[in-house]
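What the coordinates show
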Amino acid sequence: MRAVAVLHSRSRALAVALLPAAAAVILLAGGATGHLVGGGWDAARWAVGAVAVLVLLVAGAVALVVARARPALSPTVPIAESSAPDLYRMVRDLADRLGVPAPSAIALTPDCDSWLEDRSHAAHRTARARAVPADRGRPGAADVTAPVLVIGSPFMWWMRVGELRAVLAPVVAGTGPSAHPDIAAARRFVRGLDAAVGVAASPARGPLARLVLAGVGRIARVLLRDCRVHAAEMERAVAAAGALRAQGVDYGLRIVAQEQVGLAYAGWDRLLTRVALPAWRMGRWPSRLDAGVVAALTELSRRDRLAEGFASRLAERPACDLLEEPGLIDEATSLLAARLFHGGPAEAGPDWLPVDWQEYPDEVVDRTWRTDAARLHRVLDTLGVRRSPEATAAAPPSDGPAGSPTLARVLDHLTVRERTAAEPAARPAPDGPAESATVTATAPGPGPESSAPAVAEPVGATAPALFPPDEDDEVIGGTPRSAALAAVLSAELAREEASATPADPLPACAPAPGQGPDAVLWDDGTLPLFPLQPPRTGRELLADHVTAMVCCAAMDTAGAVPGLDWLDGPTLLIDGERAADLAPRVLSLIEDGDSVPLRAWLVEAGIRPEKPLRLV
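Along each chain, the written sequence defines residue order, and numbers are assigned to residues from 1. pLDDT decides what is reported in this predicted model: residues at 70 or higher carry local features, side-chain atom pairs at 80 or more are listed and counted, and totals for whole chains, interfaces and linings draw on all residues regardless. The basis for the side-chain values is all heavy atoms of the structure; hydrogens and waters are excluded.

Axes, fitted as lines to C-alpha atoms, cover a helix only where it is in contact. Angles between the N-to-C directions of the axes lie from 0 to 180 degrees. Counting from the N terminus, the helices are the DSSP runs of H or I reaching at least four residues and the strands are the DSSP runs of E reaching at least two. Relative to each other, helix H15 (residues 407-414) and helix H18 (residues 480-499) sit at 125 degrees, their axes nearing to 9 Å. Our classification of the angle between H15 and H18 gives oblique. Between H15 and H18, the residues in contact are Asp412, His413 and Leu414 and Arg481, Ser482 and Leu485, respectively. Its residues assigned to classes, the contact of H15 with H18 comprises 2 nonpolar, 2 polar and 2 charged. If an angle is under 35 degrees, it is roughly parallel; if it is over 145, roughly antiparallel; if it lies from 65 to 115, roughly perpendicular; otherwise it is oblique. Any two residues whose heavy atoms approach within 4.5 Å are treated as being in contact. Here the nonpolar group is Ala, Val, Leu, Ile, Met, Phe, Trp, Tyr, Cys and Pro; Asp, Glu, Lys and Arg are the charged ones; every other residue, Gly included, is treated as polar.

Attention shifts here to the sheet that holds strand S4 (residues 148-152). Two pairing modes exist for strands in a sheet, parallel and antiparallel, and in both the strands are linked by backbone hydrogen bonds. Two strands qualify as a pair provided DSSP detects at least 2 bridges between them. Within the open sheet, the 4 strands sit side by side as S1-S2-S4-S3. Their pairing is mixed. The open sheet has two edge strands, strand S1 (77-79) and strand S3 (114-117), and neither has a second partner. Across the sheet, the mean angle from the axis of one strand to that of its neighbour is 30 degrees, orientation sign disregarded. Bridging between S3 and S4 involves 4 bridges; their strand directions are antiparallel. Looking at S4, one finds that Leu116 is bridged to Leu149. Packed onto the sheet, helix H6 (residues 161-172) meets S3 and S4 and runs at close to 140 degrees relative to S4.

One open sheet holds the 3 strands; their spatial order is S9-S10-S11, and the pairing between them is antiparallel. Each of the sheet's edge strands pairs with one partner strand only, and the pair in question is strand S9 (561-565) and strand S11 (577-578). Pairing analysis gives 5 bridges linking S9 to strand S10 (residues 569-574), with the strands arranged antiparallel. Each bridged residue has a counterpart across the sheet, and for Gly563 the counterpart in S10 is Thr571.

Attention now moves to helix H21 (residues 596-605). Among the residues making up H21, those that are buried are Leu598, Arg599, Trp601 and Leu602. For H21, the angular spread of buried residues about the axis comes to 160 degrees, placing them on one side. When the buried face of H21 is taken as reference, the exposed residues oriented beyond 90 degrees from it are Val596, Val603 and Glu604. Just downstream of H21 lies Gly606, where phi reads positive at about 75 degrees. Summary of the burial criterion: residues with accessible area below 20% of their type's maximum are buried, those above 50% are exposed, and those between are partly exposed, where the area comes from a 1.4 Å probe applied to protein chains only. Arc, as used here, means the arc of the directions from the helix axis to the C-beta atoms.

We now examine the pattern of salt bridges. Side-chain pairing between opposite charges can occur once the charged atoms of the two side chains come close. Should a side-chain nitrogen of Lys or Arg be within 4 Å of a carboxyl oxygen of Asp or Glu, the pair is scored as a salt bridge. Applying the stated criterion across every chain yields a total of 27 salt bridges. Its salt-bridge partner being Arg578, residue Asp568 comes within 3.0 Å of it at the nearest N-O pair. With a gap of 10 residues between them, Asp568 in the loop between S9 and S10 and Arg578 in strand S11 connect regions that are remote in the sequence. On the basis of relative accessible area, Asp568 is assigned to the partly exposed category, the value being 23%. When its relative accessible area of 36% is taken as the criterion, Arg578 is described as partly exposed. Each of Arg270, Arg274, Asp565, Asp568 and Arg578 takes part in one network of salt bridges that share partners.

Of all 8 residues that make up H15, 8 are buried, and the element is covered over most of its length. Burial in H15 covers these residues: Leu407, Ala408, Arg409, Val410, Leu411, Asp412, His413 and Leu414.

Relative to each other, helix H3 (residues 85-98) and H6 sit at 50 degrees, their axes nearing to 10 Å. As summarised for this structure, H3 and H6 are arranged oblique, according to the angle between their axes. Crossing angle aside, the handedness with which H3 passes H6 is right-handed. Only Val161, Leu164, Arg165, Leu168, Ala169 and Val172 of H6 make contact with H3, whose side of the interface consists of Leu87, Met90, Val91, Leu94, Ala95, Arg97 and Leu98. Looking at the contact of H3 with H6 residue by residue, the classes come out as 11 nonpolar, no polar and 2 charged. By definition, turning the near helix anticlockwise from the far helix through less than a right angle yields a left-handed crossing, and turning it clockwise yields a right-handed one.

The next point concerns the nonpolar core. Formed by 108 residues in total, the largest nonpolar core has its most connected members in Leu87, Leu164, Trp280, Leu572 and Trp601. Considering every element that reaches this core, the biggest residue donor is helix H10 (residues 251-281), with 12 residues. Setting aside chain neighbours within four positions, we find Trp280 in contact with Leu272, Trp285, Pro286, Leu289, Ala337, Ala338, Phe341, His342, Trp352 and Leu532. The definition of a nonpolar core used throughout is a set of buried Ala, Val, Leu, Ile, Met, Phe, Trp, Tyr and Cys residues joined through side-chain atoms within 4.5 Å. Among the nonpolar cores identified, the runner-up in size contains 20 residues, and Val6, Phe189, Cys227 and Met234 belong to it.

What follows covers the pairing of strand S2 (residues 105-109). If a strand is regular, its side chains alternate between the two faces of the sheet. In terms of residue burial, S2 counts as a mostly covered element, since 5 of its 5 residues are buried. Going residue by residue along S2, you find Ala105, Ala107 and Thr109 tucked away on one face and Ile106 and Leu108 tucked away on the opposite face as well. Summarising the sheet, S1 and S2 pair through 3 bridges and their orientation is antiparallel. By the bridge assignment for S2, Pro78 is matched with Ala107. As paired strands, S2 and S4 are joined by 5 bridges and run parallel to one another. Paired with Leu108 across the strands is Ile151, a residue of S4.

Surface patches are drawn from residues lacking salt bridges whose relative accessible area is over 30%; two like charges belong together within 9 Å, two nonpolar side chains (Val, Leu, Ile, Met, Phe, Trp, Tyr) within 5 Å. Computed by Shrake-Rupley with a 1.4 Å probe, the accessible areas treat only the displayed protein chains as cover when residues are assessed. On the surface, a nonpolar cluster with roughly 350 Å² of combined accessible area is contributed by Tyr251, Leu253, Ile255 and Val256. Summarising the element assignment, Val256 is placed in helix H10.

Under the pairing criterion, centres of Phe, Tyr and Trp rings, with the six-membered ring standing for Trp, must be within 6.5 Å; the plane angle then separates stacked pairs below 30 degrees from edge-to-face pairs above 60, leaving the rest tilted. Applying the stated criterion across every chain, the model contains 2 aromatic pairs. An angle of 45 degrees between the planes, with centres 5.9 Å apart, marks the rings of Trp357 and Tyr360 as tilted. Considered together, Trp357 and Tyr360 belong to a single accessibility category, that of buried residues. Ring centres 4.9 Å apart and planes at 75 degrees place the aromatic pair Trp357 and Trp566 in the edge-to-face group. Here Trp357, found in the loop between strand S6 (353-355) and helix H13 (360-383), pairs with Trp566, found in the loop between S9 and S10; they are 209 residues apart in sequence, far enough to count as distant.

See the structure below:
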């Protein structure tokens, strides 16, 4: 058995630690009985004894760190039995049908997966008792040494009760092997070694402690490498045994439910990256993410022929009905998702507020676009780019001599127009990658043959030198002017993020029994644990800001409104229809300096780029 092989690794390590001590005992016994006498044997006794003491001290230190280290724990929202009696009853009935022990507790995680997690460590039991005090002393409570059943929260809202039971059957069946003494001991050994490696990697210690823990961590890593293959094979065997045992429970329904698992994963990933992430960046966290999965997947079934028929399942009883207060549980898992995937604060505050889906277009989409547009104009002011003459003439006196920001200013600055034979030659550009300090931009005329007078826009001569174009921008394409603007935008956004208030510390316990994340069980020093996307490049930032500027112009001059698309996130609605063809025209402006496609789109949509805009 693989579990026995893992325990053999532990026994070998113990034998190696005791071998010098055994040799020292033999030498001391030989000297006491008069068999091993002489100067050489005396020196050997002293040397072997010193080595034995040293090895025993090292082994004791390793054993102490392994025993006291707290194993890693998945961040979850604990579900007390009082808040989900039907769910606990379904899981216990499932365990009875499978002939295995019932899980000790149930928790939800903002992920599309389900598993059993061992929380028998003393620190974990204490934290669980503090987080969910309602179940302590309850008659018939499950054994606290049994593993905890962790369920992906999207499953609770998207799946039906029968589908959830079918999906959980192989997982719950794993409690049987978990009760085996050899498997339990092997898992404790591996988890202890892993926790010891984590303790040794912690930097918040003194020089002497770091030196000692470095040696402990190296020994723990050697032991982990020695038993890694056997531990992996053991877990595969446990999973195979659980799947085999669960074949007699809802096997036909499980085949259908597995399709829902893949669909839920796709919808959850799309919802987080396209819908939730823009809100998190604005200091808002959607408080009904799991309910949003249902809306996103329903929209997918409406658009995609492969998903036809999935929405008809919504007439059946959803698994979230097994919860007494699904809204509060959804809010807790949504806050935990924001903390894990974005690194947001642990509690709501003035700069970290929940937002409902009905308020999302106004609270998130509109604010995001106007904030990005305002940042873009601040950067243009920093570069010394003049505002368009039309906006300056139309601006009220209260706006100052520079006038209000306009979309025309951005278009004129990013447009690169080839000089015709009738135009005078421009000044030679200075040496280096930067353009000349004076940039010439021409506004479009009424026809292809006519052109408006050229407007000289002074640009800070040192700005491109301070912020050279990124290598990625040069490879992908883009004008020097857009690359310089993207670099300054990246620097400005980095300064804003650096000056933002850091995340609040974790609370001492869950906000409500069985309704808040078990924050006491995990550390927030490495948040976000699972970043959704890599940092945006300068080119992506510039495209987002120009798109935001176009959307602001559409809302202020053409009566467009912000909207929410469940699959694509923030969207612009013009006469009730999505503006789906805007992105390629913005990229044409940024990469090629060609504003003709975007200007034609603006004219077709009735958007006036010269009109002043209302920004944040």
